[in-house]
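Next come the chains, spelled out residue by residue.
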Amino acid sequence: MSGSPSPPAGYPPYEPPGVSGARIAGAVSLTLLYFGLVGLLPYYLEQYAARYGLSAPIEPAFLVIAGFIVAFLAGLSVATKPTRAWGPVRVMSAGFDLIYVVYLLQNPVYATTIRGFSLTITYGHLLELFLIPPAIGLLAGIVTTLGDIRRPWERISFQFPQRAMAPVYG
Amino acid sequence: MLQPKPSALYRLAQVLRVLAILALVFLVLFLATVAYSAVEMGEGIARQSGSLQHSDTASLVGTAVVVNVTFPIRNDGYYNVRGLTLVAIFSNDTIQSAPIAVTETAAPVSIPGHGSSTISLLTEFDLANPAGPFLLLNDANINGTLFLNASYAAVIPVNLEVGFHYHWGAPFANLTYDVGTPTPESNGTIAVPVTVHFENHTPGLSVVGMLNVVVTQSNGTACTRQSFPVHTTEGPVTLTQTFYAPETCQLSGATIASTFVGSGFDISLPTETLP
């Protein structure tokens, strides 16, 4: 955490690792994994369902773009972990996830017709459950940001202790 | 080196981060099992529908034929199906524009995961409505629309609308009266043999009661009346009785009408004019 004041007496020396190549590689990997799960998987599921005449409830292009943003922000969160930007990035990431789920909640009805069967599935309650993780994540981001403001050395000293110095809690 | 205890804010942030991850993992697993379970249930129902065992019983109540269709339904998925209700609307625009019958499950049905339940649909075809005379005497293909509402896995409401065809079997199909040659009797009356023929096409319905037949002259005066005891299940029925009418009775152009009175059932059948 460059520019952070030194920890007060009693705290171990800390070693902010900075945004290293390994961390960026990890962030990119997570971005790709998230993009696959949140962007591409729903897209291909919709394409697969369309072969059987099932209409898509959400525009496929929207799924891919929104999925990419969700994945990018999750990756950015990993990349910025050793910096003070981590809290705000987590707030942004969870905030976007919340907005995305709230947007999907605008029309949580899947209606289709197959072989004369008219099927309607309302998935609003299920989607409402998916508001819980980003809501908690948003709260975690806010608390992390506040913690980083009030005690800028604390999180880093616990999460990135100097090498060969395992923390011993007292 | 002894590290100081983390502040409450730091610990709170850590707890919240762990909670968010746990909630996400739980929801992803829940979603995956819900999807898998729904496929299992759907495939199970598709397999079952090929060999659906259902039992139909019918009874005559008031002016209605009440058909009770009972069938078992299996849930091969993990999650419960709750509050399952079925509503069926029967209609045939060529008979009448309004629905002929509307039926629904008496109470919401629950089907536990990997369990089964029985659905019972009680349909009342009221023969006193405008379609009644037609349905009493004629078989018909009736269009049905079935509306299914249920809650799956506690959080997913499902509505299904299915069109189907229902074959209506008339209880007095092809009702005809055959009037034989009148024969003068020594007591001054005319003996008229009357044969009533009909077929009971309603599955599971026993037609038990009296068929009261009245022959009325064209001027509106009743000539003679006779009752036929009827006791039949499915199939053709032929009943012959001899009517005794006064000599003055003009049978040519007279109308023959009947009323069927059974246990709790009383309905007039269409009239026929004699040649």
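Note that this is a predicted model, so its numbers are computed, not measured.

Calculation rules
- For every chain, the first residue of the written sequence is number 1, and numbering continues from 1 onward in sequence order.
- Here chains are named by letter from A upward and ligands by number from 1 upward, in the order in which they appear as written.
- Only residues with pLDDT of 70 or above have their local features reported here, since the model is predicted, and side-chain atom pairs are shown and tallied only from 80 upward, although totals for entire chains, interfaces and linings are computed over all residues.
- For side-chain calculations, the full set of non-hydrogen atoms in the structure is used, while hydrogens and water are omitted.
- Every patch collects residues that have over 30% relative accessible area and no salt bridge, joining them within 9 Å if they carry like charges and within 5 Å if they are nonpolar side chains (Val, Leu, Ile, Met, Phe, Trp, Tyr).
- Using a 1.4 Å probe, the Shrake-Rupley method yields the accessible areas, and only the shown protein chains count as cover for residues.
- Salt bridges are defined by distance alone: a side-chain nitrogen of Lys or Arg within 4 Å of a carboxyl oxygen of Asp or Glu.
- Strands are runs of DSSP state E lasting at least 2 residues, helices are runs of H or I lasting at least 4, and numbering of each runs from the N terminus.
- What makes a nonpolar core is a set of buried Ala, Val, Leu, Ile, Met, Phe, Trp, Tyr and Cys residues whose side-chain atoms join them at distances within 4.5 Å.
- For each residue, the accessible area found with a 1.4 Å probe, counting protein chains only, is set against the maximum for its type, and the residue is called buried under 20%, exposed over 50%, and partly exposed in between.
- Domain start and end points were adopted from an automatic or database domain assignment.
- When checking whether two residues touch, look at their non-hydrogen atoms; a contact exists if any pair is within 4.5 Å.
- In summary, the pairing rule links any two rings of Phe, Tyr or Trp, Trp by its six-membered ring, whose centres are within 6.5 Å, and it sorts them by plane angle into stacked for under 30 degrees, edge-to-face for over 60 and tilted for everything else.
- Strand pairing is assigned whenever DSSP identifies at least 2 bridges connecting the two strands.
- Simply put, an axis is a line fit to the C-alpha atoms, just over the touching stretch for a helix, and the angle between two N-to-C directions goes from 0 to 180 degrees.
- For any pair of parts, buried area is found by adding up, for both, the accessible area (1.4 Å probe) each one loses once the two are put together.
- Whenever two N or O atoms come within 3.5 Å, that pair is a polar contact, provided that in protein one can donate a hydrogen and the other can accept it, and provided that, for residues adjacent in sequence, both atoms are side-chain atoms.

Caption draft 1: Region of interest: a nonpolar patch on the surface. Judged by side-chain polarity, Val19, Ile24, Val28 and Leu32 of chain A come together as a nonpolar surface patch covering roughly 350 Å² of accessible area. Structurally, Ile24 of chain A can be placed in helix α1 (residues 21-51).

Caption draft 2: Molecular detail of the nonpolar core. In terms of nonpolar packing, the biggest core is built from 87 residues, with Phe125, Ile142, Trp168, Val196 and Phe260 of chain B touching the most fellow members. Both domains that meet at this core, namely domain 1 (32-168) and domain 2 (173-273) of chain B, each give it at least three residues. Setting aside residues up to four positions removed in sequence, Val196 of chain B forms contacts with Leu175, Thr176, Tyr177, Leu211, Val213, Phe228, Val237, Thr238 and Leu239 of chain B. Grouped together as the second largest cluster of nonpolar side chains are six residues, Ile136, Ala140 and Val143 of chain A together with Leu16 of chain B included.

Caption draft 3: Main features of the packing of aromatic side chains. Evaluation of the coordinates by the stated rule reveals 19 aromatic pairs over all chains. An angle of 80° between the planes, with centres 5.2 Å apart, marks the rings of Tyr43 of chain A and Tyr44 of chain A as edge-to-face. Residue Tyr44 of chain A is classed as exposed on the basis of its relative accessible area of 53%. When the centroid spacing of 4.7 Å and the interplanar angle of 50° are considered together, the rings of Phe125 of chain B and Trp168 of chain B count as tilted. Pair noted here: Phe125 of chain B is in strand β6 (residues 115-126) and Trp168 of chain B is in strand β8 (residues 156-168), with a separation of 43 residues, a long-range link. Accessibility assignment for this pair places Phe125 of chain B and Trp168 of chain B in one class, buried.

Caption draft 4: Region of interest: the sheet that holds strand β13 (residues 222-232) of chain B. Residue and element names in this part refer to chain B. The strand order across the open sheet built from four strands is β13-β12-β15-β16, with neighbouring strands paired in antiparallel fashion. Taken across any chain shown, the strands that pair with only one partner, and hence form the sheet edges, are β13 and β16 (265-273). Mean inter-strand twist for the sheet, computed between neighbouring axes without regard to direction, equals 20°. Sheet topology note: the strand β12 (residues 207-216)/β13 ladder contains ten bridges and is antiparallel.

Caption draft 5: Looking closely at the interface of chain B and chain A. Facing the 29 residues of chain B at the interface are 39 residues of chain A. In total, chain B and chain A occlude about 3200 Å² of area from one another, counting both sides; carbon and sulfur atoms represent 71% of this. Where chain B meets chain A, there are zero salt bridges. Counting across the interface, chain B meets chain A through five residue pairs in polar contact (both at pLDDT 80 or more). Only α1 (8-50) and β8 of chain B provide two or more residues apiece to the side of chain B that touches chain A. Here the side of chain B that touches chain A gets 13 residues from one element, more than from any other, and that element is α1 of chain B.

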